[in-house]
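The primary structure of each chain is shown beneath.
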Amino acid sequence: MSRQAVVGDTSRRQFLLTAAAGALAAGGAAVLGVPDTASAAPSSAVSGSTAPVTGTVYIASDSTAQTYSSGYHPQAGWGQKLSSYFTSNVTVANRAIGGRSSRSFIEQGRLAAIHEVIKPGDYLFVQFGHNDATVGNAERYTPPADYKEYLRNDYIRATRRLGATPVVVTPVSRRSYNQSTGKFNVSFPEYVAAAKAVAQEEHVALVDLSAASRAHLDAIGVEASKGTFLWLDAGRYPNFPAGVQDNTHFQERGAAEMARLVSRAVAGLGLPLSGEVIPQAVA
């Protein structure tokens, strides 16, 4: 039986998804907008080790996680920085791309393209919610109930059928501060709840990046959080000559911190991958 047959069923929906994957594959990585695969830097504990490769971590997500070219510096996504927190036994293949929801990532064949190459022993980290919640955009909007079922059927069950391990990541927090409470608000609460619920129902590993990112922001405070997000003064960076005040996307140090929070959570999941998190990530 082919890998496509394993992933899909005989429904028209799955047929269309497979066809979309084929179209993407024919166009190569440039069509996908997929950044180069990154290998993690070796830690001192494993440098020179002959231990077998643990596997590849694929990331299915949006602009908060994607890898940006130098033309966007200092903007970065957490997936771009994730390999820095794992040993060299782990490869990170960041397939995150901006403007996609859990649904559109599937409909465009991007998940099927991952399923074409993912192997037993690999991992799929899936984080959506930001674009799913855009009610005014028909291409992106995905109601929370549908989002939950996409996670269940397409990202979790289909990945498991291929022998790989899905990891659900709740949507990372935006810079949404509540003056009355002195805390940061939960971003996309319905999607956070749906992600947690389906992870529990499917007995799948969960990284609660929503909670972890908010705890970090609460700890550093509202003013310092500007250094996490893409708040840049005019004239400081050639790529943003007029400056920018962006409460969703990250600059490099913020992306690195979010990646550290993800890896720190992974260290506590009890997965084979957990042992590949470097000590600096959990300090």
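Draft legend 1. Looking closely at the nonpolar core. With 35 residues, the main nonpolar core has Val57, Ile59, Trp78, Leu82, Phe125 and Leu273 as its most contacted residues. Breaking this core down by element, the ones donating at least two residues are strand S2 (55–60), strand S4 (90–94), strand S5 (123–126), strand S6 (165–169), strand S9 (205–207), helix H9 (209–220) and helix H10 (252–267). Top element by residues in this core is H10. It accounts for seven residues. The contacts of Phe125, once residues within four sequence positions are left out, are Val57, Tyr58, Ile59, Ala60, Leu82, Val167, Val169, Val262, Val266 and Leu273.

Draft legend 2. Region of interest: the pairing of S5. Across the two faces of S5 the burial is the same, with Tyr123 and Phe125 and Leu124 and Val126 all buried. In this sheet, S5 lies alongside S2 in parallel orientation, the contact comprising four bridges. Its bridge partner being in S5, Val57 is matched across the sheet by Tyr123. For S5 and S6, the ladder comprises four bridges, and the chain directions are parallel. Residue pairing in the sheet places Val126 in a bridge with Val168 of S6. Viewed along the sheet, the connection from S5 through helix H7 (residues 144–161) into S6 turns out right-handed.

What counts and how
Residues numbered from 1 in each chain as written. Predicted model: local features only at pLDDT ≥ 70, side-chain atom pairs only at ≥ 80, totals over all residues. Heavy atoms only, no water. Core = buried A, V, L, I, M, F, W, Y, C linked by side-chain atoms within 4.5 Å. Buried < 20%, exposed > 50% of the residue type's maximum accessible area, 1.4 Å probe, protein only. Helix = DSSP H or I, 4+ residues; strand = E, 2+ residues; numbered from the N terminus. Contact = heavy atoms within 4.5 Å. Pairing = 2+ DSSP bridges. Right-handed = clockwise from strand over helix to strand, strands pointing away.

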